[in-house]
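Structural characterization, general
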Amino acid sequence: MPEVLSLNEAMLNEAAMTRSSRPMLSTATHLSTVALEKFYRKGPLKIPVLRGVEISVRKGEFLSIVGQSGSGKSTLLHVMGLLDSPSVGEVLLDGDRIDDLPQQTRDEIRNRVFGFVFQFYHLLPELNVLENVLTPLMIRHSFLSYWRRRNEFREQACEILEKVGLTHRLKHKPSELSGGEMQRAAIARALVAKPEVLLADEPTGNLDSGTGQEIMGLMRSLNEEEGLTIVMVTHDEQLARTAHRMVRLNEGRLEILSGAA
Ligand code: ADP
Ligand code: MG
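Residues numbered from 1 in each chain as written. Chains lettered and ligands numbered in written order. Predicted model: local features only at pLDDT ≥ 70, side-chain atom pairs only at ≥ 80, totals over all residues. Heavy atoms only, no water.

What follows deals with the site of ligand 1. What surrounds ligand 1 is the set Tyr40, Val49, Gln68, Ser69, Gly70, Ser71, Gly72, Lys73, Ser74 and Thr75. Separating an oxygen atom of ligand 1 from a backbone N or O atom of Gly72 is a distance of 3.0 Å. In the environment of ligand 1, an oxygen atom lies 2.9 Å from a nitrogen or oxygen atom belonging to the side chain of Lys73. For ligand 1, whose free accessible area comes to 570 Å², the fraction covered by protein is 54%. Of all the elements, helix 2 (residues 73-80) adds the most residues to the shell around ligand 1, at three residues. For the shell around ligand 1, the residue count by class is two nonpolar, seven polar and one charged. (Near = heavy atom within 4 Å. Polar contact = N/O pair within 3.5 Å; in protein donor to acceptor, adjacent residues only side chain to side chain. Areas by Shrake-Rupley, 256 points an atom, 1.4 Å probe, with all protein chains shown as cover. Helix = DSSP H or I, 4+ residues; strand = E, 2+ residues; numbered from the N terminus. Nonpolar A, V, L, I, M, F, W, Y, C, P; charged D, E, K, R; others polar.)

Written out as structure tokens, the structure reads:
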């Protein structure tokens, strides 16, 4: 039986084949949504934000989502990462539905599979860079287990801090860092527990364009070298274009804009 490809898959194949300078992407779908709808209620009114979003993100793909402010980009990212639930439709990880699982299972999947990066970093001001990066590991383990493995975790944190270029800032507090350094620290924190998918919401939105390009370059190298799947939301189309694929959210629906960098 010939394999029947959905429109989404056919577009992805074309995107993968037109990329010349980078290795071929895996054909396996990593994270996807089916007929995703999200509406908010305001009194008797139902305000639609997502109106049937279908997206497939491949393993190791770097996908960017652009769209005007208020178009639902953050909402989509939150639903894909189990920070929020869809009103209608499904979210699938490796082909299995994950949005309808019991809350505790959803929390476990979110913590294990997804790393999040936000526009305003959300670092804890009282902690230094190394301590901030260690927080996901502290939260994940019991006090005793964390204490026993503290040297291993410290090494793990230092390793990722080296990858993001912050080895010289381990003991600095967030207030002593530049915007770009704070975002590097936030990326290290998102990656320290080795997630499969990085979800980044306007990660360059608070940075000047040069620093924004540096952060984008860092994410691209993490994607290429670690095979990390990345979904990035941004309103900067110039940056978005350097991902494998760029889609636009417009009035709650997705349009494919480009398939190749
Ligand atoms: P974007 O990230 O593209 O700027 P958002 O996903 O933040 O857009 O928001 C999309 C729309 O949904 C906006 O009109 C916003 O006001 C509305 N919205 C977002 N979150 C809520 C909420 N919790 N309650 C009601 N409306 C919301
Ligand atoms: Mg937003």
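Where helix 4 (residues 129-140) meets helix 6 (residues 150-163), the closest approach of the two axes is 10 Å, and the angle between their N-to-C directions is 120 degrees. Classed by the angle they form, the pair helix 4 and helix 6 counts as oblique. Taken as a pair, helix 4 and helix 6 cross one another with a handedness that is right-handed. In this structure, helix 4 contributes Val129, Leu130, Val133, Leu134 and Leu137 to the contact, and helix 6 contributes Phe153, Arg154, Gln156, Ala157, Cys158, Ile160 and Leu161. (Axes fitted to C-alpha atoms, helices over the stretch in contact; angles between N-to-C directions. Parallel < 35°, antiparallel > 145°, perpendicular 65-115°, else oblique. Left-handed = near helix turned anticlockwise from the far one by under 90°. Contact = heavy atoms within 4.5 Å.)

This paragraph deals with the packing of aromatic side chains. Within the structure shown, the criterion is met by three aromatic pairs. A centroid spacing of 6.3 Å and a plane angle of 45 degrees characterise the contact between Phe114 and Phe116, whose relative ring orientation is tilted. The buried category is assigned to Phe114, whose relative accessible area is 5%. Overall, Phe116 belongs to the buried group, its relative accessible area being 16%. When the ring of Phe116 is compared with that of Phe118, the centres are 6.2 Å apart and the planes differ by 5 degrees; the resulting orientation is stacked. (Phe/Tyr/Trp six-rings, centres within 6.5 Å; stacked < 30°, edge-to-face > 60°. Buried < 20%, exposed > 50% of the residue type's maximum accessible area, 1.4 Å probe, protein only.)

So, on to unusual backbone geometry. We note that Leu82 has phi near 65 degrees; this positive angle belongs to a residue other than glycine. Inspection of the secondary structure assignment puts Leu82 in the loop between helix 2 and strand 4 (88-93). Overall, Leu82 belongs to the buried group, its relative accessible area being 1%.

Here we take up the environment of Gly89. Position of Gly89 among the secondary structure elements: in strand 4. Those residues in contact with Gly89, other than ones at most four positions away along the chain, are Val34, Ala35, Leu36, Arg97 and Asp99.

Once that is clear, we can look at the sheet that holds strand 5 (residues 96-97). Remark on secondary structure: sheet strands pair via backbone hydrogen bonds, oriented parallel or antiparallel. The strand order across the open sheet formed by four strands is 2-1-4-5, and the pairing between neighbours is antiparallel. Of all strands in the sheet, those with a lone pairing partner are strand 2 (45-58) and strand 5, marking the two edges. Across five bridges, strand 1 (residues 29-42) lies against strand 4 in antiparallel orientation. Residue Thr33 lies in a different strand from strand 4, and its bridge partner there is Val91. (Pairing = 2+ DSSP bridges.)

Within the largest apolar cluster, 40 residues are counted, with the highest numbers of intra-cluster contacts made by Leu161, Ile187, Leu198 and Met219. Sorting elements by how many residues they give to this core places helix 7 (residues 179-191) first, with seven residues. Non-local contacts of Leu161, meaning those with residues more than four positions away in its chain, are made with Val129, Leu130, Val133, Leu166, Thr167, Leu170 and Ala188. One finds Leu63, Ile98, Leu199 and Val247 within the second-largest nonpolar core, a separate group that totals 27 residues. (Core = buried A, V, L, I, M, F, W, Y, C linked by side-chain atoms within 4.5 Å.)

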